[in-house]
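# Tertiary structure, described
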Amino acid sequence: MMKSTIRSLGIGFFLAGSIMAINNQFNPEKTTASISSSKSSATDQKGTVVIKKAELNTLKEEAADAKEQLAKIQTDYQNLKKEQSSKSNEKNKVTSYKLAIKKGMGTTEVSEALKEGGIIKDAAEFERYIINEDKAKYIQIGDYPLTSDMSNEEILKIITSGK
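What this report covers is the structure whose coordinates are included nearby. All values derive from a computational prediction rather than experimental measurement.

## Considerations on the overall build of the protein chain
- Per the secondary structure count, the protein chain includes 6 helices and 2 strands.
- Secondary structure elements of the protein chain, listed N to C terminal, follow the sequence α-α-α-β-α-α-β-α.
- Buried residues in the protein chain amount to 13% of all 163 residues.
- Expressed as a percentage of contacts within the protein chain between residues at least 6 apart in sequence, the contacts between residues at least 24 apart total 51%.

Below, the structure is given as structure tokens:
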């Protein structure tokens, strides 16, 4: 007797669950309406969110600050691009200079003249190069056309060859 009662109760639960699942399958709007009515009072039925005026003002201020920061970043970026393009144009310019080596000029004077003419960037470095290559005594008097795209080696070869 006990066995048949439990079996009947199980069958009853199964049938009740099946009927509820079938009902939910064919009538979904009833369950959706009950879910949406249980939402918090912060939303209405159109799906909008209700916030306080203070929160709205705070969000507007944050948005304005973000716009200002974005504008500043864009301006800085454009200025940086302009600077880089002008620097690359300066690097690409080749400077010509006619170096006049006169009697009595040493490595210091020659290096300084090349720096002033825009051929080299560092006079002390070029002077060290001349001395390290042991070419200081071979510098020839004369006028030499040079350009800024020449290497230290090329410049030294020209001013020591006398051509």
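## A closer look at the nonpolar core
- Leu99, Ile101, Leu114, Phe126, Leu146, Ile155 and Ile159 are the most contacted members of the largest nonpolar core, which has 15 residues in total.
- Among the secondary structure elements, those contributing two or more residues to this core are β1 (96–101), α4 (107–116), α5 (123–132), β2 (142–147) and α6 (152–161).
- Other than its neighbours up to four places away in sequence, Ile155 contacts Leu114, Ile119, Ile120, Phe126, Leu146 and Met150.

## A word on the packing of α4 against α5
- Running from N to C, α4 and α5 point in directions that differ by 135 degrees, and their axes come no closer than 8 Å. Looking at the two axes, α4 sits oblique to α5. For the pair α4 and α5, the crossing hand works out as right-handed. Together, Thr107, Thr108, Ser111, Glu112, Leu114 and Lys115 of α4 and Ala123, Phe126, Glu127, Ile130 and Ile131 of α5 make up the contact between the two elements.
- Classifying every residue of the contact of α4 with α5 by side-chain character gives 5 nonpolar, 3 polar and 3 charged.

## Details of the pattern of salt bridges
- All told, the structure shown has 1 salt bridge when counted by the stated rule.
- Across the pair Lys72 and Asp76 runs a salt bridge whose closest N-O atoms are separated by 3.2 Å. In this pair, Lys72 and Asp76 are both assigned in helix α3 (residues 53–92), 4 residues apart and thus about one turn of the helix distant.
- Classification of Asp76 by relative accessible area gives partly exposed; the value is 39%.

## Structural notes on the pairing of β2
- Residues of β2 alternate between two faces, with Gly142, Tyr144 and Leu146 buried on one and Asp143, Pro145 and Thr147 left unburied on the opposite face.
- In the sheet, β1 pairs with β2 via 6 bridges, with the strands oriented antiparallel. Residue Ile101 lies in a different strand from β2, and its bridge partner there is Gly142.

## Topic: a negative patch on the surface
- Side chains of Glu133, Asp134, Asp149, Glu153 and Glu154 sit close together on the surface and give a patch of like negative charge.
- The residue Glu153 is located in helix α6 in this model.

## Notes on the side chain of Thr160
- Relative to the elements of secondary structure, Thr160 occurs in helix α6.
- Thr160 gets classed as buried once you look at its relative accessible area, which sits at 18%.
- A distance of 2.7 Å separates a polar side-chain atom of Thr160 from the backbone oxygen of Leu156.
- Within the local environment of Thr160, its side chain forms a polar contact with the backbone oxygen of Lys157, the two atoms lying 3.3 Å apart.

Reading the values: rules and limits
- Residues numbered from 1 in each chain as written.
- Predicted model: local features only at pLDDT ≥ 70, side-chain atom pairs only at ≥ 80, totals over all residues.
- Heavy atoms only, no water.
- Helix = DSSP H or I, 4+ residues; strand = E, 2+ residues; numbered from the N terminus.
- Buried < 20%, exposed > 50% of the residue type's maximum accessible area, 1.4 Å probe, protein only.
- Contact = heavy atoms within 4.5 Å.
- Core = buried A, V, L, I, M, F, W, Y, C linked by side-chain atoms within 4.5 Å.
- Axes fitted to C-alpha atoms, helices over the stretch in contact; angles between N-to-C directions.
- Parallel < 35°, antiparallel > 145°, perpendicular 65-115°, else oblique.
- Left-handed = near helix turned anticlockwise from the far one by under 90°.
- Nonpolar A, V, L, I, M, F, W, Y, C, P; charged D, E, K, R; others polar.
- Salt bridge = Lys/Arg side-chain N within 4 Å of Asp/Glu carboxyl O.
- Pairing = 2+ DSSP bridges.
- Patch = residues over 30% accessible without salt bridge, like charges linked within 9 Å, V, L, I, M, F, W, Y side chains within 5 Å.
- Areas by Shrake-Rupley, 256 points an atom, 1.4 Å probe, with all protein chains shown as cover.
- Lys, Arg positive; Asp, Glu negative; His and termini not counted.
- Charge placed at Lys NZ, Arg CZ, Asp CG, Glu CD.
- Polar contact = N/O pair within 3.5 Å; in protein donor to acceptor, adjacent residues only side chain to side chain.

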